[in-house]
Number of protein chains: 2
Amino acid sequence: MEDPKVRNMEEFAALSGISRPTVSKYFNDPESVRASTRSRIEDALKRYDYRPNIYAMNQNRKLTKNIGIVVPYLADPFFAEIARSIEQRCIDAGYRPTLFSSHGDQALENDILEGLRSLKPAGVLLAALGRGSDRAAIESFCGDVPTVLFDSHVQDVGIAFVGSDNPQFSMLAVDYLCRTGEPPCFFEMKNPSNPNANKRRQGYCEAMEKLGHTPHIVSVEGDGWGFEEIGRLGGIAALESGQFSTNTILCSNDRLAIGLLAACFEKRVRVGRDPDCAIRVAGQDDHPFSRYTCPPLTTVAQDYDAISRHAVETLFAAVEGVQSTEKTKLFEGKLVMRSSA
Amino acid sequence: MEDPKVRNMEEFAALSGISRPTVSKYFNDPESVRASTRSRIEDALKRYDYRPNIYAMNQNRKLTKNIGIVVPYLADPFFAEIARSIEQRCIDAGYRPTLFSSHGDQALENDILEGLRSLKPAGVLLAALGRGSDRAAIESFCGDVPTVLFDSHVQDVGIAFVGSDNPQFSMLAVDYLCRTGEPPCFFEMKNPSNPNANKRRQGYCEAMEKLGHTPHIVSVEGDGWGFEEIGRLGGIAALESGQFSTNTILCSNDRLAIGLLAACFEKRVRVGRDPDCAIRVAGQDDHPFSRYTCPPLTTVAQDYDAISRHAVETLFAAVEGVQSTEKTKLFEGKLVMRSSA
DNA sequence: AAAAATATTTTACGCGCGTAAAGTATTTGT
DNA sequence: ACAAATACTTTACGCGCGTAAAATATTTTT
């Protein structure tokens, strides 16, 4: 390994006994050269440890091998996990993913999209802020760069949207809760940043009416991405003023539920399905921490893996010129029964 | 805005009435040109919306404006938060940060470092995997790229290390716990991936001995970065076999503590400092979720902000040619009293 | 074995910008 | 107003690679 230092592709091509254009072709797609040529290059690659200059590579090429991954809030482990999964799939497919977080900030989201343009990515996987997004900016970006949206839907934008069947989540939860106890109230933020929240509310209402119950929604104030704190403060207020009409609460998402559990603890309200418990609480998402709340949180699990797989596959298909048939793909959730409800 | 489309710096220079080399100089450092020239360029910038091609920019420059940020495990919100803070500081200083997570995997950490080399970054901020790292790879990397290590120390490598004064963390916690109740046992992983864990154990032992108590350590099995589950399983085992010699437990970190709280809940052991509670549990880190455990977790807070600030400042100083005087900078933790202990 | 199909080599140009050198204009100090 | 200092312009080259076209070599087909 590493006899002399190889300065550029010209030198490396000479050392491996292959012409530079063919070596260039190899690096763009190893399968595009004859097997005998490929192995000669790969032998040389082991001896000389040469790597093409990515700046020179990308400068004169319309399409790079870069993939942008944008999530709205990386401090939420849900997004960290799905980003990780997407990242890995990109690497496996021979692309170079770069991860960005908007940190709940519209200006930052716009900056990221701007920066992404000059990266000339082959494609982008975008989970937008939602309500906090600048629609015009996203629309314009998607007009220039092949983009698959995930988790957070933005109407009529991008190649496709991949997410969860949110109404089904709520319906599944309502169905279970009604079967095993009192029908649930719905606990949510008044102005949710994420469009999924609205679909979940609708699913809740629909399911309740279908089962002959009156929906009862508790909307709490609060802005931003500190859902736990919003859930905690709203939960305390709701408990104190007796806003919960039944002993069962379905939360719009797990992080809100985690806050509500903290509120219940503070107010000495026992949560769970044991006879000595006062209320039942369920969430939605199967957040990585939900297993470790006290009591462990009953929830509806998002199919992380299917979402990430389908999002990446759809993007690559589009990048390689295949028209996707379905614009929207939604995955169902699975009930995860734990002891909180 | 955007009359015609500007193809390159040549065109943009012509449109703004300034020579291309001067425009180039402006983009490398706006302060390096006369104020009158600067404003002419900035006026044109508003009308024509031109951005230099980053690939062409970086190709022919020894040092780019790129900064690499590497954390061991992004699904841990602690790292997500500190990465966010570092990222923002880099942007504010006019650099282009790129975030990477090793996801607890040595091979991936090495791949990231390899990929980072070809990014030709001005500098890198690296929180290594720790025990899971390939020391030779890190050493070699730090030999080639200015690197500031943070959170996880690797001996004799990099420009500097910035982290927490881990022994002080444990000593602070021990001191508080002894003052307010029984002396604590120490709950930790047998083979911690992070070197901080060892320092915390040492701090615990030292503090206990200083106060005239015998240290008592409960080490639990488990590998990887799923600390909550390791804490839960180890906690159940320890509770069942009566390994805790006192009613107070200091955990090596908050995530382990969160797992232990789940174990206590499962075993119907009440945690807190009320008279009707059986044990007290404290953590270390002030993890973003620790506020929302039941009961809320008493812990020692890392000074995120100081660590991120000092790490970034040290790196930039080194990049700009200033020798740092101190190789190691450790920040003290602050006790955060909540109801778990 | 010859012909057809496919891979590779040669040659050559250009991408968009960094950067150096030498000359010209502008600002600053006196 | 003049000289000195500074900023800018002109000119020119090169970075490392993508890519196109034409010539040549190799493999596959018949």
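Our structure's up above, just so we're on the same page.
One numbering rule holds for all chains: residues counted from 1, following each sequence as written. Each chain is given a letter, starting from A, and each ligand a number, starting from 1, according to the order in which they appear as written. With pLDDT at 70 or above as the cut-off, local features in this predicted model cover only qualifying residues; side-chain atom pairs require 80 or more to be listed or tallied, and sums for whole chains, interfaces and linings still use all residues. To obtain the side-chain values, all non-hydrogen atoms of the structure were used and water was disregarded.

A.B. asks: What is the right way to read the relation of the copies chain A and chain B from this model?
C.D. replies: The two chain copies are related to each other by a rotation about an axis together with a translation along it. Residues below a pLDDT of 70 in either copy are left out; the C-alpha atoms of the rest, at least 70 in both, set the least-squares superposition of the copies. With an RMSD of 0.1 Å, chain A superimposes on chain B once it is rotated by 180 degrees and translated 0.0 Å along the axis. Accordingly, the operation relating the two chain copies is best matched by a two-fold axis. Within chain A, the C-alpha atom positioned nearest to the axis of rotation is that of Tyr55 of chain A, 2.3 Å from it.

A.B. asks: It is not clear to me how the protein's contact with DNA strand C should be interpreted in this structure. Could you clarify?
C.D. replies: Around DNA strand C there are 25 residues in total, and Thr37 and Asn60 of chain A together with Met9, Ser24 and Tyr50 of chain B lie nearest to it. Sugar and phosphate atoms form 65% of the subset of DNA strand C atoms that lie within 4 Å of the protein. N or O atoms within 3.5 Å of each other form a polar contact, as long as, within protein, one can give a hydrogen and the other can take it, and as long as residues adjacent in sequence are counted only when both atoms are side-chain atoms. Gln59 of chain A places a side-chain nitrogen or oxygen 3.0 Å from a base nitrogen of DNA strand C. A distance of 2.4 Å separates a phosphate oxygen of DNA strand C from a polar atom in the side chain of Tyr50 of chain B. Nearness of a residue to a molecule or strand requires only that one of the residue's heavy atoms be within 4 Å of it.

A.B. asks: Explanation requested: the protein's contact with DNA strand D in the structure shown.
C.D. replies: Near DNA strand D you find 25 residues, and of these Met9, Ser24 and Tyr50 of chain A together with Thr37 and Asn60 of chain B are the closest. Counting only atoms of DNA strand D within 4 Å of the protein, the sugar-phosphate share comes to 66%. In this structure, a phosphate oxygen belonging to DNA strand D sits 2.9 Å away from a main-chain N or O atom of Asn53 of chain A. At a separation of 3.4 Å, a base nitrogen of DNA strand D approaches a polar side-chain atom of Arg20 of chain B. Its residues assigned to classes, the surface near DNA strand D comprises 8 nonpolar, 12 polar and 5 charged. Amino acids outside the nonpolar list (Ala, Val, Leu, Ile, Met, Phe, Trp, Tyr, Cys, Pro) and the charged list (Asp, Glu, Lys, Arg) are all regarded as polar, and Gly is one of them.

A.B. asks: Would you explain the pattern of salt bridges in this entry?
C.D. replies: Within this document, salt bridges are pairs made up of a side-chain nitrogen of Lys or Arg and a carboxyl oxygen of Asp or Glu, the two lying within 4 Å of each other. Enumeration according to the criterion identifies 40 salt bridges over all chains in this entry. For Arg232 of chain A, the salt bridge identified is with Glu229 of chain A, shortest N-O distance 2.9 Å. Of this pair, Arg232 of chain A and Glu229 of chain A both sit in helix α10 (residues 227–240), separated by 3 residues, roughly a single helical turn. By relative accessible area, which is 9% here, Arg232 of chain A ends up buried. Working definition: with a 1.4 Å probe on protein chains only, accessible area under 20% of the residue-type maximum means buried, over 50% means exposed, and in between means partly exposed. Residue classification places Glu229 of chain A among the partly exposed positions, given a relative accessible area of 25%. Put simply, Arg117 of chain B and Asp144 of chain B hold a salt bridge, and the shortest N to O gap is 2.2 Å. Separated by 27 residues along the polypeptide, Arg117 of chain B in helix α6 (residues 106–118) and Asp144 of chain B in helix α7 (residues 135–144) bring together distant segments of the chain. Assessed through its relative accessible area of 25%, Arg117 of chain B is described here as partly exposed. Only DSSP runs of H or I covering at least 4 residues are called helices, and only runs of E covering at least 2 are called strands; the numbering of each starts at the N terminus.

A.B. asks: Looking at this structure, how should I read the environment of Arg61 of chain A?
C.D. replies: Residues and elements named next belong to chain A. Secondary-structure assignment places Arg61 in the loop between α4 (54–59) and β1 (66–71). Judged by relative accessible area, Arg61 falls into the buried class, the value being 19%. Note: C-alpha distance between Arg61 and Ile41 (20 residues apart in sequence) is 22 Å.

A.B. asks: Looking at this structure, I do not really get the side chain of Ser308 of chain A. What am I missing?
C.D. replies: Structurally, Ser308 of chain A is set in helix α12 (residues 304–319). Residues contacting Ser308 of chain A, with those up to four places away along its chain left out, are Ile82, Ser85, Ile86 and Arg89 of chain A. Whether two residues are in contact is decided by their heavy atoms, any of which lying within 4.5 Å being enough.

A.B. asks: Is there a simple way to think about the interface of chain A and chain B in this case?
C.D. replies: Interface size, as often reported, equals the accessible area lost upon joining of the parts. On the side of chain B, 46 residues touch chain A, which itself brings 46 residues to the contact. A quick way to say it: buried area is the sum, across both parts, of accessible area lost when two parts are put together, with a 1.4 Å probe. At the boundary of chain A with chain B, total buried surface from both sides reaches about 4300 Å², with 57% on carbon and sulfur atoms. The largest share of the area that chain A buries against chain B comes from Tyr55, Phe289 and Tyr292 of chain A, three residues that together contribute 20% of it. There are 6 salt bridges connecting chain A and chain B. Arg291 of chain A is the partner of Glu266 of chain B in a salt bridge, and the nearest nitrogen-oxygen pair spans 3.7 Å. Counting across the interface, chain A meets chain B through 12 residue pairs in polar contact (both at pLDDT 80 or more). Counting residues per element, the ones that place at least two in the side of chain A that touches chain B are α4, α5 (77–92), β2 (96–101), α6 (106–118), α10 and α11 (254–266) of chain A.

A.B. asks: Is there a simple way to think about a negative patch on the surface in this case?
C.D. replies: Patches here: salt-bridge-free residues with over 30% relative accessible area, like charges joined within 9 Å, nonpolar side chains (Val, Leu, Ile, Met, Phe, Trp, Tyr) joined within 5 Å. Residue burial considers only the protein chains on display, and all accessible areas are found by Shrake-Rupley using a 1.4 Å probe. Only four residue types enter the tally: Lys and Arg on the positive side, Asp and Glu on the negative side; His and the chain ends are excluded. To locate a charge, the coordinates of NZ of Lys, CZ of Arg, CG of Asp or CD of Glu are taken. Together, Asp29, Glu31, Glu42 and Asp43 of chain A make up a region of like negative charge exposed at the surface. Tracing the sequence through the fold places Glu42 of chain A in helix α3 (residues 35–48).

A.B. asks: Can you help me understand the sheet that holds strand β8 (residues 248–251) of chain B in this one?
C.D. replies: Sheet strands pair by backbone hydrogen bonding; their relative direction is either parallel or antiparallel. Residue and element names in this part refer to chain B. Taken together, 4 strands build an open sheet; the order of strands is β7-β6-β8-β9 and the sheet is parallel. Strands with a single pairing partner mark the edges of an open sheet, and in this sheet they are β7 (217–220) and β9 (280–282). Each strand axis lies, on average, 25 degrees off the axis of its neighbour in the sheet, ignoring direction. Bridge count for strand β6 (residues 185–189) against β8 is 3 bridges, and the pairing is parallel. What sits directly across from Cys185, in β8, is Ile249. Axis definition: a line fitted to C-alpha atoms, over the contacting stretch in the case of helices. Angles run 0 to 180 degrees between N-to-C directions. Against the sheet, helix α10 (residues 227–240) makes contact with β6 and β7, and its axis sits at roughly 130 degrees relative to β6, the strand it touches most. Pairing between strands is defined by DSSP: at least two bridges between the two strands are required.

A.B. asks: I would appreciate a short explanation of the packing of helix α1 (residues 9–16) of chain B against helix α3 (residues 35–48) of chain B in the present structure.
C.D. replies: The description of two packed helices rests on the angle between their axes and on the distance between the axes. Residue and element names in this part refer to chain B. Contact geometry of α1 with α3 gives a least axis separation of 9 Å together with a crossing angle of 115 degrees. One way to sum up the angle between α1 and α3 is to call them roughly perpendicular. For the pair α1 and α3, the sense of crossing is right-handed. Listed contacts from α3 to Phe12, Leu15 and Ser16 of α1 are Arg40, Ile41, Ala44, Leu45, Arg47 and Tyr48. Its residues placed into classes, the contact of α1 with α3 shows 6 nonpolar, 1 polar and 2 charged. Every angle not falling under 35 degrees, over 145, or within 65 to 115 is termed oblique; those three ranges are roughly parallel, roughly antiparallel and roughly perpendicular. Helix crossings are classified by the rotation of the near helix relative to the far one: an anticlockwise turn of less than a right angle makes the crossing left-handed, while a clockwise turn makes it right-handed.

Note that every value here comes from positions in space, so none of it alone points to a role or purpose.
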